[in-house]
Every structure is written in C-alpha cells, then in structure tokens.
Amino acid sequence: MRAGLAALCVGGLLAMAGPAAAQRVMSLDSCADQYVLALAPRETVVGLSPRSDAPDSFLRVQAKGLPQRRTTIESVLGARPDVVVRQWGGDARLTAALARRGIRTISLDDASDFDGVRANVRKVAGALSRQGAGEALLTRMDGKLARAAGAGRGRSAFYLTPGGYTAGPNTMIDAMLKAAGFTNASTQPYFSPAPLERLVVKPPKAVVLGFFDLTRAGADRWGPGRHAALRKATGGRVIASLPGALLGCSAWFAADGAEALAKATRR
C-alpha cells in the first residue's frame, strides 16, 4: 500500500513538472546557422550569426526575426544557450570558456563530400535530440541525389567563380559535379586560381559558374572570372550558374546544386 502511494505521488509530481524544457541553441557562424535553422525548433533558437540573413545564406528567409549575436563570450553568455553550434566561428578560448560554464559546443567538420554532410547533420541532430528531423533532411537530400545521378554522362565540366578560382578534388563542388554525373575538369585538389589564359585559348566544353549572382565588393566585382575575353570564350558553353547560397557551406543543399546541374543538362 505504502509503495503504491509513493509511486502515485512520484508520478503526480512528474506530471506536474511536465516535459523537459527544450534546449536553447545558438550558432556562431553562417554555416552553423544553416544546421541550426534546419534542425532546431524555432522557439529554441536564441542566437544566430550576424550573416544569417545574408544573400549567400541558404536559409536566410527562415533566419528573419531571430536574434543575431556577435561571436564573443559576453554575447554568448547573454543568450544563455545550452548548446552552441559552430564551424569556423569562435576559437579554442571561447569554446573552452563555454565548457567551463557547462555549455556544450558542437563543432561541424569541414565536409568535402556527401558522407561528410551526413555525419554533420547527424551530429547536430543528435546533440539537439532531433534525430528524426535529421534523417528526414537526409532522405530529401538523397532523393535529390538520386534524381541527379548520371545526368552529365561523364562529360568534363569546369567550375569558375567571379574571382577567377576553380575547385578540384576534395571539395564539395567536386562532389556536386560527380553527383550529377560530370567529370571535374580541374584535377588540382582543393581551391586554386583558374588557368585563365588557357581557358581563353582552349575553352572547356562545359562550364559551371558559381557565385555570379552576387555583386561583391572588391576584387570579385571586377575579378578575372568576369573578364570580357573569358566571357566571350565561354559563351554558349555555360551549362549552369549556381547561386552563392548553394555553395557557401558544405551542407545538404549541395544536392540542390547537383539537381540543378542535372536539370540544366536534360533540357
């Protein structure tokens, strides 16, 4: 009898307490913003980076109305998050200071392929107890990759930015091109200056532009990738111009880029 009464009392107290409060979440840079906006319930987001609504932010519309905060210990502590998500924002001193105060920091890896993206999504989703949302996001990503597969039929494609850079192996651009069935014409790993003179003399058969939708200050606005001679040489060879919002971060929406390449090829 006493045991039964005790159980009833404990159950009643738990019912009065209600469900555990959702974790308060903050992100420290624009790439971390995307993961937080996609996976955390909106009411739990207590801070985003100052660039969360910038033109190259994929989820900039969802960021509207949410607080933007600087990447300082004072700003983070003022937001009182339980979990902080970062990729390149903040530094070791900041994360150590947060750890001393019991605030968990989730650091995204610099993914260069879709397996890396899957790992990052699952890392953040697990930390926020949002595994279902994470798997749903990956299911949508994999559906887009399946629809894009093979469209390029192995054709060589060259990636070019306004600043005159290209991307080779070990980049998300390379993974995107391959996912759409293309061979990357650039074989030098990572990002590197494009051989502009060679491109003018011997233009590639297919060109994929990136970031040309953004008007940037400084070198990019008048960069070599926008040179009149290069525009003339590549005229009629551009198969797609991908917006900066798809390219700024290594995330699930790179599959949207692969799907866009596939659609452009199949027209």
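Presented here is a report on the structure given in the accompanying data block. Note that the coordinates shown come from a computational prediction; the quantities given were computed from them, not determined experimentally. Residue positions within a chain follow its written sequence, with the count starting from 1. A pLDDT threshold of at least 70 governs which residues receive local features in this predicted model, and a stricter bar of 80 or more applies before side-chain atom pairs are shown or counted, although totals over entire chains, interfaces and linings include all residues. For side-chain calculations, the full set of non-hydrogen atoms in the structure is used, while hydrogens and water are omitted.

**A look at the sheet that holds strand 1 (residues 25-27)**
1) Next: With parallel pairing, the four strands of this open sheet are ordered in space as 2-1-3-4. What marks the edges here is a single partner per strand, and that holds for strand 2 (45-47) and strand 4 (104-107). With strand direction ignored, the average angle separating the axes of adjacent strands in the sheet is 30°. Only strands that DSSP links by at least two bridges are regarded as paired with each other. Counting from the N terminus, the helices are DSSP H or I runs at least four residues long and the strands are E runs at least two residues long. Helix axes are fitted only over the stretch in contact, all axes being lines through C-alpha atoms; the angle between N-to-C directions runs from 0 to 180 degrees.

**Quick look at the pattern of salt bridges**
1) Next: Any Lys or Arg side-chain nitrogen found within 4 Å of a carboxyl oxygen on Asp or Glu counts as a salt bridge. The tally for this structure, following the rule as stated, stands at ten salt bridges.
2) Next: D56 is paired through a salt bridge with R51; the nearest N and O atoms lie 2.7 Å apart.
3) Next: Exposure categories follow from relative accessible area, calculated using a 1.4 Å probe and restricted to protein chains: below 20% of the type maximum is buried, above 50% is exposed, and the middle band is partly exposed. Taking the relative accessible area as the measure of exposure, R51 reaches 37% and is therefore partly exposed.
4) Next: Of the charged contacts, one joins K64 and D53 as a salt bridge, the two residues approaching to 3.9 Å between their closest N and O atoms. Residue K64 is located in the loop between helix 3 (60-63) and helix 4 (73-79), and its partner D53 is located in the loop between strand 2 and helix 3; the two are separated by eleven residues in the primary sequence.
5) Next: The partly exposed category is assigned to D53, whose relative accessible area is 30%.
6) Next: Connected through salt bridges with shared partners, the residues D115, R118 and D142 form a single ionic network.

**Focus: the side chain of D29**
1) Next: Residue placement: D29 occurs in the loop between strand 1 and helix 2 (30-39).
2) Next: Salt bridges are absent for the buried D29, whose nearest opposite-charge side chain, R86, sits at 5.5 Å.
3) Next: We define a polar contact as two N or O atoms separated by no more than 3.5 Å, with the added condition that, inside protein, one atom must be a possible hydrogen donor and the other a possible acceptor, whereas residues neighbouring each other in sequence contribute only through side-chain atom pairs. Engagement of the side chain of D29 in a polar contact is seen with the backbone nitrogen of A32, the distance being 2.9 Å. For the purpose of charge, His is not counted, nor are the chain termini; Lys and Arg are scored as positive and Asp and Glu as negative.

**A short note on the layout of surface pockets**
1) Next: Think of a 1 Å grid over just the protein atoms. A cavity is a set of points where a 1.4 Å probe fits yet cannot get out, a pocket is an open set with protein on both sides within 12 Å along at least five of seven lines, and lining residues have an atom within 4 Å of a point. Grid points are joined across faces, edges and corners, and a volume is the space filled by probe spheres set on the points. The space that makes up the largest pocket amounts to roughly 480 Å³.
2) Next: Among the secondary structure elements, those contributing two or more residues to the lining of the largest pocket are helix 8 (172-179) and helix 11 (244-247).
3) Next: Of the residues forming the lining of the largest pocket, the biggest block, three residues, is contributed by helix 8.
4) Next: Of the residues assigned to the lining of the largest pocket, the class counts are 13 nonpolar, seven polar and three charged.
5) Next: Estimates place the volume of the second largest pocket at around 280 Å³.
6) Next: F158, A185, P195, R198 and L199 are, among the 14 residues lining the second largest pocket, the residues nearest its centre.
7) Next: Elements represented by at least two residues in the lining of the second largest pocket include exactly strand 8 (191-193) and helix 9 (196-201).
8) Next: Gly counts as polar in this scheme, as do all residues outside two lists: the nonpolar Ala, Val, Leu, Ile, Met, Phe, Trp, Tyr, Cys and Pro, and the charged Asp, Glu, Lys and Arg. Considering only residue class, the lining of the second largest pocket consists of seven nonpolar, five polar and two charged.

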